[in-house]
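Tertiary structure, described
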Amino acid sequence: MNVETEHDETVARVAAAIGEPARARMLYALLDGHARTSTELAVIGGVTPSTASSHLTRMKSAGLIELQAQGKHRYYGLSGRSVAAVLESLSVLAGARRPPFRPTTPDRLRVARRCYDHIAGAVGVALHDRFAALGWIAARGGGGRRNYQITGTGGRHLEALGVNVEEMLGLRRRLAFPCLDWSERRPHLGGALGAALLQLALRRRWVEQEAEVRALRITTLGRREMKTRFGMRFEFHGD
């Protein structure tokens, strides 16, 4: 088989993986960046769980989606921006629009909560996104597990905030990684860095631990400080 033939067959295989109504519905549901379970995708696709499993296997083999494991839970998301770009282009041709993702988690847990020893919820996801946008963290290495490294710029800013970066580097745990948030279905920041940020936020009274639940209350001071220091936009309520 020559290169041109192999390329054409690959294109046809990928197109065929997209070109089935149930699979297309699943893919477009993932276009908003929020991961979903196979059960949720079965409902979205309008098929049985076993049929959804077959569809997901085919889309995964075609490189359209990837499996994201978070504890005992398994979520699916698009495999990259190139897949999203193809779907967007097809959507423009079709003139299709999809409803936005709407979390069903209670508000006080959705805004901010503990995930083990780091900040989860909408605030945790926003912190993750801002640290990446500011260039304070960067993807590191390959393999099955995704990790972040703290950049030189990030290290200087974190030290200025009172985070001991050198101490974190010496710990026998992952420094930083994207931890998939179960309410937002997008990553928040896990690892030693995530734990250090939670301790910093508690120490400076940016957040307060609610009694007997994992929820964290974002204080007025916290909203102001995170907006000033990180450029975060608070479209959610913490008080």
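Residues numbered from 1 in each chain as written. Predicted model: local features only at pLDDT ≥ 70, side-chain atom pairs only at ≥ 80, totals over all residues. Heavy atoms only, no water.

1. A word on the packing of aromatic side chains
- Counting across every chain of the model gives 4 aromatic pairs.
- Relative to Phe230, the ring of Trp206 has its centre 6.1 Å away and its plane inclined at 75°; by these criteria the two rings are edge-to-face. Residue Trp206 is found in the loop between helix 10 (191-203) and strand 9 (207-209), and its partner Phe230 is found in helix 11 (residues 220-230); the two are separated by 24 residues along the sequence.
- A network of ring pairs unites the aromatic residues Phe131, Trp136, Trp206 and Phe230 as a single cluster. (Phe/Tyr/Trp six-rings, centres within 6.5 Å; stacked < 30°, edge-to-face > 60°. Helix = DSSP H or I, 4+ residues; strand = E, 2+ residues; numbered from the N terminus.)

2. So, the pattern of salt bridges
- Inspection of the entire model under this criterion finds 9 salt bridges.
- When the shortest N-O distance is used, the salt bridge between Arg173 and Asp117 registers 2.9 Å. With a gap of 56 residues between them, Arg173 in the loop between helix 9 (165-169) and strand 7 (177-180) and Asp117 in the loop between strand 3 (113-115) and strand 4 (118-120) connect regions that are remote in the sequence.
- Ionic pairing is found between Arg205 and Glu208, a salt bridge with its closest N-O pair at 2.7 Å. (Salt bridge = Lys/Arg side-chain N within 4 Å of Asp/Glu carboxyl O.)

3. Quick word on unusual backbone geometry
- The phi torsion at Tyr116 lies on the positive side, around 60°, for a residue other than glycine.
- Relative to the assigned elements, Tyr116 resides in the loop between strand 3 and strand 4.
- Residue classification places Tyr116 among the exposed residues on the basis of a relative accessible area of 71%.
- A positive phi angle, near 60°, is found at Arg205, a position not held by glycine.
- Mapped onto the elements of the fold, Arg205 is located in the loop between helix 10 and strand 9. (Buried < 20%, exposed > 50% of the residue type's maximum accessible area, 1.4 Å probe, protein only.)

4. Regarding helix 2 (residues 21-30)
- Buried residues dominate helix 2, accounting for 7 of its 10 residues.
- Within helix 2 the residues assigned to the buried category are Ala22, Arg23, Met26, Leu27, Tyr28, Ala29 and Leu30.
- Its side-chain oxygen placed 2.8 Å from the backbone nitrogen of Ala22, Glu20 serves as the N-cap of helix 2. (Polar contact = N/O pair within 3.5 Å; in protein donor to acceptor, adjacent residues only side chain to side chain.)

5. A word on the nonpolar core
- The biggest cluster of nonpolar side chains holds 33 residues, and the ones touching the most others in it are Val123, Phe131, Leu158, Met168, Leu193 and Phe230.
- When residues of this core are traced back to their parent elements, those giving at least two are helix 7 (121-133), strand 6 (147-150), helix 8 (152-161), helix 9, helix 10, strand 10 (216-218) and helix 11.
- In terms of residue count, helix 10 provides more of this core than any other element does, 7 residues in total.
- If near-sequence neighbours (up to four positions away) are discounted, Phe131 is found in contact with Trp136, Ile137, Leu158, Leu189, Leu197 and Phe230.
- In this structure, Met26, Leu30, Ala42 and Met59 belong to the second largest nonpolar core, which totals 19 residues. (Core = buried A, V, L, I, M, F, W, Y, C linked by side-chain atoms within 4.5 Å. Contact = heavy atoms within 4.5 Å.)

6. So, the side chain of His55
- When you line up the elements, His55 lands in helix 4 (residues 49-61).
- Of the polar contacts made by the side chain of His55, one reaches the side chain of Arg23; its length is 3.0 Å.
- For His55, the contacting residues outside a window of four places in its chain are Glu20, Ala22, Arg23, Met26 and Val47.

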